[in-house]
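Chain by chain, the residues:
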Amino acid sequence: MGKIVRILIVGIVSLAITALTTSSESVGMQAISAVASGVFGIAIASIYELTDTHGQGFKTWLNTQILYRNKTIRLSFSYLFRIQVDGKYLLVRGHRMKNQFQPIGGVYKVYDEGKSFLDKIRAISDTSMGNTDETDDLRLQIKGKEYFKFWEWFKSMEDREYDPRREFEEELLVTGILPAEAFQKLKYRKTFTHNVGVTYSQPLQTHEVVYADIFEIKLSDRQKQIIRDAVHQNPNQICLASADEIRCRRYGNTVQMNLGNNTPWLLGEE
């Protein structure tokens, strides 16, 4: 940060010299103006190069390290399964939001070994979604200045959950919606992530970063048929929604939004 400040000061001085000498008719002053303009350009370029955005863009750096540096930011880091059958997407009824369907998935968990790091950056559990009994969730509140420290720790995958199978089992196998024996072996891969940086949540009245890894499951023909049958047998628990239904967040010709607000992330469009 000190280097950036010094470069910025040089740039401002150069800009001031440029402004003072631009209107001068003196050849010497015009030369000074040209040099000052060049220095200003180099200073700005240097600031940009020195700004470590950790691959998340300058806007996220500006929000977390400058604008909301000492303000609380809510974090929610999760994973979702993109499960396609016949061009539609498998969704399950929500646990807390009983009136809507949503993607299979959930928030990553932190292991006990990782809690010392979270304590170090003064992270506290966020229970605004009613998850008072899930203190190991990566739903947290931190100061903006600590965000990139958290990001580097999360990206390292040390001392945290990184295999998404747990939620698949809890939501579909343990509940008996799908037979466990047919889904003991799952083939899945991470296809993309949802991360639009710092946004403002109107319902929660706070700035937040909502991140999700999207995993796609490769299904066998047998597994696809089992899912079709399960949807037919359990229409109140799971459904297959089309891309158009997901975009408008309305499943089954209803006038009410009955698909979770994270459902469009499966399409990679938001």
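As the structure is a prediction and not an experimental result, all values here were calculated from the model.

### What to know about the layout of surface pockets
- Of the pockets and cavities examined, the largest pocket occupies roughly 1,200 Å³.
- Ser76, Met129, Arg139, Asn261 and Asn262 are the residues nearest the centre of the largest pocket, which is lined by 41 residues in total.
- When residues of the lining of the largest pocket are assigned to their parent elements, the largest contribution, six residues, is made by strand 8 (residues 187–201).
- Considering only residue class, the lining of the largest pocket consists of twelve nonpolar, 16 polar and 13 charged.

### Description of the environment of Val209
- Counting through the fold element by element, Val209 comes out in strand 9 (residues 206–218).
- Residues Val209 and Ser76, 133 residues apart in the sequence, show an inter-C-alpha distance of 6.4 Å.
- The contacts of Val209, once residues within four sequence positions are left out, are Ile73, Arg74, Leu75, Ser76, Phe77, Tyr147, Asn195, Gly197 and Val198.

### Quick look at empty space enclosed by the protein
- Summed over all chains, the structure comprises one cavity of 30 Å³ or more.
- Each pocket or cavity is described by its volume, and for the largest cavity that value is around 30 Å³.
- Around the largest cavity, the lining residues are Val92, Arg93, Gly94, His95, Gln102 and Glu171.
- Among the residues making up the lining of the largest cavity, the classes are represented as one nonpolar, three polar and two charged.

### As for helix 7 (residues 221–233)
- The first and last C-alpha atoms of helix 7 sit 19 Å apart over 13 residues, in line with the 18 Å expected at 1.5 Å per residue.
- Of the residues making up helix 7, those classed as buried are Gln223, Ile226, Ile227, Ala230 and Val231. Viewed along the axis of helix 7, the buried residues span an arc of 135°, placing them on a single side of the element. Opposite its buried face, helix 7 presents the exposed residues Asp221, His232 and Gln233, each directed more than 90 degrees away.

### Remarks on the pattern of salt bridges
- Tallying each qualifying case throughout the model produces 19 salt bridges.
- In this structure, Asp136 and Lys109 form a salt bridge, with 3.4 Å as the shortest nitrogen-oxygen distance. Note that Asp136 is positioned in the loop between strand 6 (124–125) and strand 7 (139–143) and Lys109 in the loop between strand 5 (105–107) and helix 4 (115–120), a separation of 27 residues in sequence.
- Look at Lys109 and you get buried, because its relative accessible area is 15%.
- A salt bridge links Arg247 to Glu269; its shortest N-O distance comes to 2.9 Å.

### Observations regarding a positive patch on the surface
- Side chains of Arg69, Arg122, Lys143 and Lys145 sit close together on the surface and give a patch of like positive charge.
- Checked against the element boundaries, Lys143 lands in strand 7.

### Section: the pairing of strand 8
- Judged from the twelve bridges that link them, strand 8 and strand 9 form a sheet pairing that is antiparallel. Following the sheet pairing, Phe192 is matched in strand 9 by Ile214.
- Adjacent in sequence and paired antiparallel, strand 8 and strand 9 are bridged by four residues, among which Gln205 carries a positive phi angle near 55°.

### Overview of the packing of aromatic side chains
- Enumeration according to the criterion identifies 20 aromatic pairs in this entry.
- When the ring of Phe58 is compared with that of Trp61, the centres are 5.5 Å apart and the planes differ by 25°; the resulting orientation is stacked. With Phe58 and Trp61 both in helix 3 (residues 58–67), this residue pair falls three residues apart, about one helical turn.
- Looking at Trp61, the relative accessible area reads 11%, which means it is buried.
- Arranged with centres 5.8 Å apart and planes meeting at 80°, the rings of Phe81 and Tyr188 form a pair that is edge-to-face.

The rules behind each value
Residues numbered from 1 in each chain as written. Predicted model: local features only at pLDDT ≥ 70, side-chain atom pairs only at ≥ 80, totals over all residues. Heavy atoms only, no water. 1 Å grid on protein atoms, 1.4 Å probe; cavity = no way out; pocket = protein on both sides within 12 Å on 5 of 7 lines; lining within 4 Å. Points joined across faces, edges and corners; volume = space filled by probe spheres on them. Helix = DSSP H or I, 4+ residues; strand = E, 2+ residues; numbered from the N terminus. Nonpolar A, V, L, I, M, F, W, Y, C, P; charged D, E, K, R; others polar. Contact = heavy atoms within 4.5 Å. Expected span 1.5 Å × (residues − 1). Buried < 20%, exposed > 50% of the residue type's maximum accessible area, 1.4 Å probe, protein only. Arc of directions from axis to C-beta. Salt bridge = Lys/Arg side-chain N within 4 Å of Asp/Glu carboxyl O. Patch = residues over 30% accessible without salt bridge, like charges linked within 9 Å, V, L, I, M, F, W, Y side chains within 5 Å. Areas by Shrake-Rupley, 256 points an atom, 1.4 Å probe, with all protein chains shown as cover. Lys, Arg positive; Asp, Glu negative; His and termini not counted. Charge placed at Lys NZ, Arg CZ, Asp CG, Glu CD. Pairing = 2+ DSSP bridges. Phe/Tyr/Trp six-rings, centres within 6.5 Å; stacked < 30°, edge-to-face > 60°.

Read these as spatial facts, not as claims about activity.
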